[in-house]
Each structure stands twice: as C-alpha cells, then as structure tokens.
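Read off the chains here:
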Amino acid sequence: QVQLVESGGGSVQAGGSLRLSCITSDPTSTFYTMAWYRQATGKQREMVAMKTMYDLTTYADSVKGRFTISRNRAENKVVLEMNTLKPEDTAVYYCNCAGQGGEYWGQGTQVTVSS
C-alpha cells in the first residue's frame, strides 16, 4: 500500500513563504502524476499544482507565479514551494500521487496565512 506523508505547514504572515514536503513510500518514478491539492474550511478541495512523470507541470490560476512544484527522486519527495502567500491560501494541503496501482492521498498539513 502506497503511503504519502506531508510536512512543512505552519502559520505565516501575508507575503511570506513556506515549503511543503511529501514523502512517498514508493519511488516517485512509479507515479504518472504527483500533485498538491488544498481544501479550505467549508470549501471544496482544489488542485494547486501537478507534475507528470514526463516533468510537465500545471498550476491553478490562483497560484501561478507564486508556487513551484518539484520532485526529488533520491529522497522519494514531492515539494511545493509557496511564495508571496496570501490569506486566501489558508487551507489544509494534501499530497496526491497516481500510478498503475491507483490514486493515493496524504493526511494533509495545515497552512495558515494571516493578514
């Protein structure tokens, strides 16, 4: 069973930065896609950033130019670098990976941005 564990969340002031990490139990090369989603209280979960096995990337319009998704194959890690954070970025952030065996989710890490 694939396991994903997120870390790096916390509380920051608007304009600040955070780096989220997702450690995967399987090599990242086994996944077709690796992504970060977020869900604010009372809101639907939305995709923030996605990277394919061929290194193509997609970002939500709301985070383009501010967030960067990357992966570290050696450390089985998917990283989301978040800059110029805004209060509307406040949410629980989830790691998501999909491969031949199915789709998997982490348990989430809280990000809070104060104005």
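Shown above is the structure to which this text applies.
All of these numbers come straight from a predicted model, not from anything done at the bench.

## Overview of the overall build of the protein chain
- Helix and strand counts for the protein chain come out as zero helices and eleven strands.
- N-terminal to C-terminal, the α/β element order of the protein chain is β-β-β-β-β-β-β-β-β-β-β.
- Computed over C-alpha atoms, the radius of gyration of the protein chain comes to 13 Å, within 12% of the 13 Å expected from 2.2 N^0.38 for 115 residues, which places it in the range of a compact globule.
- In terms of overall dimensions, the protein chain has C-alpha extents of about 40 × 25 × 25 Å along its principal axes.
- A total of about 6100 Å² of accessible surface is found on the protein chain, and carbon and sulfur atoms cover 47% of it.
- A distance of 3 Å separates the average location of the 11 positive side-chain charges in the protein chain from that of its 10 negative side-chain charges.

## Description of the sheet that holds strand 3 (residues 18-24)
- Spatially, four strands are ordered 1-3-8-7 in an open sheet, and the strand pairing comes out antiparallel. Unpaired on one side and paired on the other, strand 1 (4-7) and strand 7 (67-72) mark the two borders of the sheet. Looking at each pair of strands side by side, their axes are set apart by 15 degrees on average, direction ignored.
- In the sheet, strand 3 pairs with strand 8 (residues 77-82) via six bridges, with the strands oriented antiparallel. Note that in strand 8 the partner of C22 across the bridge is V78.

Definitions and cut-offs
- Residues numbered from 1 in each chain as written.
- Predicted model: local features only at pLDDT ≥ 70, side-chain atom pairs only at ≥ 80, totals over all residues.
- Heavy atoms only, no water.
- Helix = DSSP H or I, 4+ residues; strand = E, 2+ residues; numbered from the N terminus.
- Rg over C-alpha atoms; globule rule 2.2 N^0.38 Å.
- Areas by Shrake-Rupley, 256 points an atom, 1.4 Å probe, with all protein chains shown as cover.
- Lys, Arg positive; Asp, Glu negative; His and termini not counted.
- Charge placed at Lys NZ, Arg CZ, Asp CG, Glu CD.
- Pairing = 2+ DSSP bridges.
- Axes fitted to C-alpha atoms, helices over the stretch in contact; angles between N-to-C directions.

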